[in-house]
2 protein chains.
Amino acid sequence: MVDKNIRIKDIAKLAGVSVGTVDRVLHNRGRVSPEALKKVTEVMEQIDYKPNLIARTLGSNKNYRIAALLPDPKQDPYWAQSNLGITQAQTEWAQYGIQVELFLFDLLDKNSFQKMAHEVYLAKPDGILIAPIFYHEALPIFELFRETDIPYVLFNTNIPEASPLSFIGQNLYQSGRVGAELLYFGQHQPGTLAVLHIDEDIHDSVHLLEKEKGFREYFKDKGKINFSIIDFILNPKDPSFQKQLEELLEDPALRGIFVSTSKGTSVTASLLEKHGKKDIRLVGYDILDENLRYLKSGIIDFLINQNPKRQASLGISHLVNHLMFKKGTPGTDLFPLEVITQQNVDSYLGSGIH
Amino acid sequence: MVDKNIRIKDIAKLAGVSVGTVDRVLHNRGRVSPEALKKVTEVMEQIDYKPNLIARTLGSNKNYRIAALLPDPKQDPYWAQSNLGITQAQTEWAQYGIQVELFLFDLLDKNSFQKMAHEVYLAKPDGILIAPIFYHEALPIFELFRETDIPYVLFNTNIPEASPLSFIGQNLYQSGRVGAELLYFGQHQPGTLAVLHIDEDIHDSVHLLEKEKGFREYFKDKGKINFSIIDFILNPKDPSFQKQLEELLEDPALRGIFVSTSKGTSVTASLLEKHGKKDIRLVGYDILDENLRYLKSGIIDFLINQNPKRQASLGISHLVNHLMFKKGTPGTDLFPLEVITQQNVDSYLGSGIH
DNA sequence: TTGAAAGCGCTAACAA
DNA sequence: TTGTTAGCGCTTTCAA
């Protein structure tokens, strides 16, 4: 009533041109005389024109195909969550002509990543969501994508050189600091703190070392502390894996363990449980079913939630916003480092929107 | 391409009627013959019709007025945050013909609440967002709202008897349990734990007592513990307020304090700082500027984030979804009980979307 | 009770 | 380089 929203039509009238011309200026599709361009831009600057995105979407009755490249959800519950997020976004956007095609690769096989990335390229989608967990193999892929001008969004792992449309994930360095904080909090007895990187492959090493760096620098900043910090990179497939871990647990000075992967968290927890070591503090990652059990039983003290589901679903949304609504997306979307405890975990399991 | 979405037109064709009839059935606007009704419903049951909400919104070119009833943001930084969330939602939806009118009342004055609630009623908006912090005064208001069939959404404080369109907030009982958990965590020395309800009025008593109940039951569930729990209801306007607090701090056995209000948190922190009591653990509420400083300096150990900004903005969105998109909204939307620490607080300050 | 048709704001094809 | 116009899927008015 008060102030009817300004329409393209109004701008056209004010500038003395047709809606077609305004539209062309709006989307700089060219084929506009300098005079017309000038007049329209002048009007636009005076009026704070906000396009009606709803009408825009309906008008340009387009279908978009989005390719999602990520590890096989069957291999790892963490990636199963990511996959869930994609499925969720898919059903949400399906009615607006957005199709999401999955391209899954083997979490442990760089070649498979390369192969699937190539298939994404061949599929020529309108947008790409990608978890570039293999740094070196990913770089040339981005070259390809850029050549074809297909917008791509990174999630989970950041590769700034990729200059993506946007990155969705967490500040891993800070994540390590949070881990350190939680491990240190209220600990008065001197002793040993351990950092465990448990993974079947070291592909994520950058990922993990970033966390470790944050962890260590937290203590460096603290100045003099009572703890010695040791770290391990362990492969659960390694025959000596179990033994190495058990040796660690033997250490009577061991006060706490920070595990940098979600899978490793439950593995460590199960050992801690077996050995009845309830007094060793354990901080790990993610609200996976396996971890949930140990959190509830008190073996795990804190989880840092990476929210893989929401990372993925937001990734799709970013692409949709870009493709459909031509909306600008933030270059990086850093998720909060959610601290999960026995008492607040249920409040996170509820809606899943937040 | 593969499966074009089904349109009303398609249903009409299949049922051998016109789109007008289908629309009337869809929204049971009546004036449809039993035969037509039958045919259309039959087709509808066969096909999983999902209306295009975008087209619907554009088609019914309506404007909606939403009234927001909440305490004056100038009185309290917590409510300033809520107000921010409303402003945010307002600008987001303005272009689609949604207008939000603010109705502010005095946080300390029940009469002012009643008066403004009545003004909301007289304004006859299309939807209402309300923070019903005065329980007894709110009940008759809801009667009024229901009479006029205006949908209303509660936030911050739940009143189940109000049977609102939806409630947005937190599980306060569980919130108290989280507070207890954080206060207890890693505490080995026996001593005293204090629960502080600091507020200028006791209007929120239900609110606060719910938190206290959770706090106490946490320890009850724990069984034998080393702590005695004491609690206070304090009014900062009371001349003896300062003295009462200082007396509490004198207690050498005091190990930790749980403050149930966001404002009270900073008040307590400032006293703790003044007395140089860094060893007393402090758990409070919300990422307000005042609290932020004390969190960073280590006086406050944990904050439980109630996310007032997002509560409010989501409240508006719920109403919009209901009014504009005729989308179903969840009856209650319980926010996660976010644990904020020195190390993760920045990750929360960033985007604000999450 | 029904169907036809105009219109929501924008896009995009087309003719001029 | 321009303006005109026919949609997009749905709502809503109006005449039949």
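What you are looking at is a predicted structure, and each value in this text was computed from that prediction instead of being measured.

Colleague: What should I look at first to understand the interface of chain B and chain A in this one?
Modeller: Interface size is commonly expressed as the accessible area that is lost once the parts come together. With 47 residues of chain B at the interface, the matching set in chain A holds 46 residues. Summed over both sides, the interface between chain B and chain A buries roughly 4100 Å², with carbon and sulfur atoms accounting for 55% of that surface. Applying the counting rule to chain B against chain A returns 16 residue pairs in polar contact (both at pLDDT 80 or more). Elements that contribute at least two residues to the side of chain B that touches chain A include exactly helix H4 (53–59), helix H8 (172–184), helix H13 (308–323), strand E11 (332–334), strand E12 (338–340) and helix H14 (345–349) of chain B. The class makeup of the residues in the side of chain B that touches chain A is 22 nonpolar, 16 polar and nine charged.

Colleague: Which parts of the structure should I look at to understand the packing of aromatic side chains?
Modeller: Within a pair of aromatic rings, the relevant descriptors are the distance that separates the centres and the angle that separates the planes. As enumerated under the stated definition, the model contains 36 aromatic pairs over all chains in all. Where Tyr78(B) meets Trp79(B), the ring centres are 5.2 Å apart and the plane angle is 85°; that geometry is what we call edge-to-face. Across the pair, exposure class does not vary: Tyr78(B) and Trp79(B) are buried alike. Between the aromatic rings of Tyr184(B) and Phe227(B), the centroid separation amounts to 6.0 Å while the plane-to-plane angle is 80°, which identifies the pairing as edge-to-face. With Tyr184(B) in helix H8 and Phe227(B) in strand E7 (residues 227–234), this pair connects stretches of sequence that are 43 residues apart. Taken together, the ring pairs connect Tyr184(A), Phe215(A), Tyr218(A), Phe219(A), Phe227(A), Phe258(A) and Tyr285(A) into an aromatic cluster.

Colleague: Explain the pattern of salt bridges here, please?
Modeller: Oppositely charged side chains can form a pair if their charged atoms are brought close together. All names here are of chain B. Throughout the structure, instances matching the rule amount to 26 salt bridges over all chains. Asp23 is the salt-bridge partner of Arg29, the closest N and O atoms lying 3.0 Å from each other. With relative accessibility at 51%, the residue Arg29 sits in the exposed group. Linking Glu42 and Lys38 is a salt bridge whose minimum nitrogen-to-oxygen distance equals 3.3 Å. Placement of the pair is Glu42 and Lys38 together in helix H3 (residues 34–46), with a separation of four residues, close to one helical turn.

Colleague: Looking at this structure, I do not really get the sheet that holds strand E3 (residues 127–130) of chain A. What am I missing?
Modeller: By definition, the strands of a sheet pair up through backbone hydrogen bonds, in either a parallel or an antiparallel sense. Residue and element names in this part refer to chain A. The six strands are arranged E2-E1-E3-E4-E5-E11 in an open sheet whose pairing can be described as parallel. Unpaired on one side and paired on the other, strand E2 (98–105) and strand E11 (332–334) mark the two borders of the sheet. Between one strand axis and the next, the sheet turns through 15° on average, direction left out of account. Across four bridges, strand E1 (residues 64–71) lies against E3 in parallel orientation. If you follow Ala67 over to E3, its bridge partner there is Ile128. Against the sheet, helix H6 (residues 110–123) engages E1, E2 and E3, with an angle of about 155° to E2. Sheet strands touched by helix H7 (residues 135–148): E3 and strand E4 (152–155). Its angle to E4, the strand with the most contacts, is close to 150°.

Colleague: Would you mind showing me how to read the protein's contact with DNA strand C here?
Modeller: Around DNA strand C sit 24 residues, and of these Ile8(A), Asp23(A), Tyr49(A), Arg24(B) and Ser33(B) come closest. Backbone atoms, meaning sugar and phosphate, form 72% of the atoms of DNA strand C found within 4 Å of the protein. In this structure, Arg7(A) approaches DNA strand C through a side-chain N or O atom, which is 3.3 Å from a phosphate oxygen. At 2.8 Å from a phosphate oxygen of DNA strand C is found a side-chain nitrogen or oxygen belonging to His27(A).

Colleague: Mind showing me how you'd approach the protein's contact with DNA strand D here?
Modeller: Taken together, 26 residues lie near DNA strand D, and Arg24(A), Ser33(A), Ile8(B), Asp23(B) and Tyr49(B) sit nearest. In DNA strand D, atoms within 4 Å of the protein come 68% from sugar and phosphate. The backbone of Ile8(B) places a nitrogen or oxygen atom 2.7 Å from a phosphate oxygen of DNA strand D. At the level of secondary structure, the elements contributing two or more residues to the surface near DNA strand D comprise helix H2 (19–26) and helix H4 (53–59) of chain A together with H4 of chain B. The element that contributes the greatest number of residues to the surface near DNA strand D is H2(A), accounting for four residues. Considered class by class, the residues forming the surface near DNA strand D number nine nonpolar, ten polar and seven charged.

Cut-offs and rules
- Residues numbered from 1 in each chain as written.
- Chains lettered and ligands numbered in written order.
- Predicted model: local features only at pLDDT ≥ 70, side-chain atom pairs only at ≥ 80, totals over all residues.
- Heavy atoms only, no water.
- Contact = heavy atoms within 4.5 Å.
- Buried area = accessible area lost by both parts, 1.4 Å probe.
- Polar contact = N/O pair within 3.5 Å; in protein donor to acceptor, adjacent residues only side chain to side chain.
- Helix = DSSP H or I, 4+ residues; strand = E, 2+ residues; numbered from the N terminus.
- Nonpolar A, V, L, I, M, F, W, Y, C, P; charged D, E, K, R; others polar.
- Phe/Tyr/Trp six-rings, centres within 6.5 Å; stacked < 30°, edge-to-face > 60°.
- Buried < 20%, exposed > 50% of the residue type's maximum accessible area, 1.4 Å probe, protein only.
- Salt bridge = Lys/Arg side-chain N within 4 Å of Asp/Glu carboxyl O.
- Pairing = 2+ DSSP bridges.
- Axes fitted to C-alpha atoms, helices over the stretch in contact; angles between N-to-C directions.
- Near = heavy atom within 4 Å.

Geometric values such as these leave the question of function open.
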